[in-house]
Amino acid sequence: MTKLEHKTYPGLSMYLVKNEKDTVLSESNLLKNLKNGTDLYPLQLQANFKTGLPYKNNEKYKIHVSIWDTKGDGKFTYELPFTIKENEFLNIENTGIEYSNIYLWNKTLKQTVFEKRCKF
């Protein structure tokens, strides 16, 4: 990354594509509010997403991430293909209730539980 007055000016985009054709998520620059750069060293960037993607159809997804230097020519791109599967440790018994998906929700952290163990 090009440094100007001890700061770097990164850009970060993320796109999620389903079945090689449908864009599910599109973020052209997650760091657009970082107009004054950052003096963080070493530079560490994260791109995250949370979504309720279908898992029963064995649909294929691919995440595309790009990091670039807004003040120079440097660029890094990354692609990660994945398939979402039904959770194997959460067993649901239906007793007359209709549902399409069920999630175990951590109200304190405001996020879905993906681990086999939960803190009370």
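For the structure itself, consult the block above.
The structure displayed is predicted, hence computed values, not measured ones.

Draft legend 1. Up close: the pairing of strand β4 (residues 75-83). For strand β3 (residues 60-69) and β4, the ladder comprises 9 bridges, and the chain directions are antiparallel. Along β4, the bridge assignment pairs V65 with Y78.

Draft legend 2. Focus on unusual backbone geometry. Omega for the bond connecting Y41 with P42 falls within 30 degrees of zero, at 0 degrees, which places this linkage in the cis form. A positive phi angle, close to 55 degrees, is found at E5, a residue other than glycine. Relative to the elements of secondary structure, E5 occurs in the segment before β1 (10-18). According to the relative accessible area criterion, E5 is exposed, its value standing at 77%. We note that E20 has phi near 65 degrees; this positive angle belongs to a residue other than glycine. On the secondary structure map, E20 appears in the loop between β1 and β2 (22-27).

Draft legend 3. Broad picture of the environment of Y41. Secondary-structure assignment places Y41 in the loop between β2 and β3. Accessibility expressed as a relative area gives 67% for Y41, which makes it exposed. Expressed as a C-alpha distance, the spacing of Y41 and T8, which sit 33 residues apart in the sequence, is 9.2 Å.

Draft legend 4. Looking closely at the environment of T38. Examined against the element boundaries, T38 turns out to sit in the loop between β2 and β3. Separated by 32 residues in sequence, T38 and H6 place their C-alpha atoms 8.3 Å apart. Contacts of T38, omitting those with residues within four sequence positions, involve H6, K7, T8, P10 and L43. Among the polar contacts made by the side chain of T38, one reaches the main-chain amide nitrogen of L40 at a distance of 3.1 Å.

Draft legend 5. Expanded view of the side chain of T8. Its place among the elements puts T8 in the segment before β1. Residue classification places T8 among the buried positions, given a relative accessible area of 7%. Each residue touching T8, except ones within four places of it in the same chain, is listed here: M1, T2, K3, G37, T38 and L43.

Draft legend 6. Region of the structure containing the sheet that holds β2. Strand order across the open sheet formed by 4 strands is β2-β1-β3-β4, with antiparallel pairing between neighbours. Of all the strands in the sheet, just β2 and β4 have a single pairing partner and so form its edges. For this sheet, the mean angle separating the axes of adjacent strands, direction not counted, is 15 degrees. As judged from the 5 bridges shared by β1 and β2, these two strands associate in the antiparallel manner.

Draft legend 7. Geometry of the nonpolar core. Within the largest apolar cluster, 7 residues are counted, these being L12, M14, L16, L31, Y61, I63 and V65. Of all elements in the fold, only β1 and β3 reach the threshold of two or more residues within this core. Residue contacts for L31: discarding those within four places in its chain leaves P10, G11, L12 and L45.

Draft legend 8. Quick peek at the packing of aromatic side chains. Taken as a whole, this structure holds 2 aromatic pairs when the rule is applied. In this structure an aromatic cluster arises from ring pairing among F49, Y61 and F82. Between the NZ or CZ atom of K71 and the centre of the ring of Y9, over which it lies, the distance is 4.9 Å.

Cut-off values and rules
Each chain has its residues counted from 1, running along the sequence as written. With the structure being a predicted model, the display of local features is reserved for residues of pLDDT at least 70 and the display and counting of side-chain atom pairs for 80 or more, all residues being used for whole-chain, interface and lining totals. Side-chain measures were taken over the full set of non-hydrogen atoms in the model, leaving aside hydrogen atoms and water. The rule for pairing is simple: two strands pair if DSSP sees at least two bridges between them. The secondary structure listing takes helices from DSSP runs of H or I that are at least 4 residues long and strands from runs of E that are at least 2 residues long, numbered from the N terminus. For each residue, the accessible area found with a 1.4 Å probe, counting protein chains only, is set against the maximum for its type, and the residue is called buried under 20%, exposed over 50%, and partly exposed in between. We call two residues contacting when some pair of their heavy atoms lies within 4.5 Å. Pairs of N or O atoms within 3.5 Å make up the polar contacts considered here, provided that, within protein, one atom can donate a hydrogen while the other can accept it, and that residues adjacent in sequence are counted only when both atoms are side-chain atoms. The angle between two axes is taken between their N-to-C directions and runs from 0 to 180 degrees, where each axis is a line fitted to C-alpha atoms and a helix contributes only its stretch in contact. Residue types Ala, Val, Leu, Ile, Met, Phe, Trp, Tyr and Cys, when buried and joined through side-chain atoms within 4.5 Å, form a set referred to as a nonpolar core. Within 6.5 Å between ring centres, the rings of Phe, Tyr and Trp (the latter by its six-membered ring) count as paired, and their orientation is classed by plane angle as stacked under 30 degrees, edge-to-face over 60, tilted in between. Geometrically, a charge over a ring is one whose NZ (Lys) or CZ (Arg) sits within 6 Å of the ring centre while staying within 35 degrees of the ring normal.

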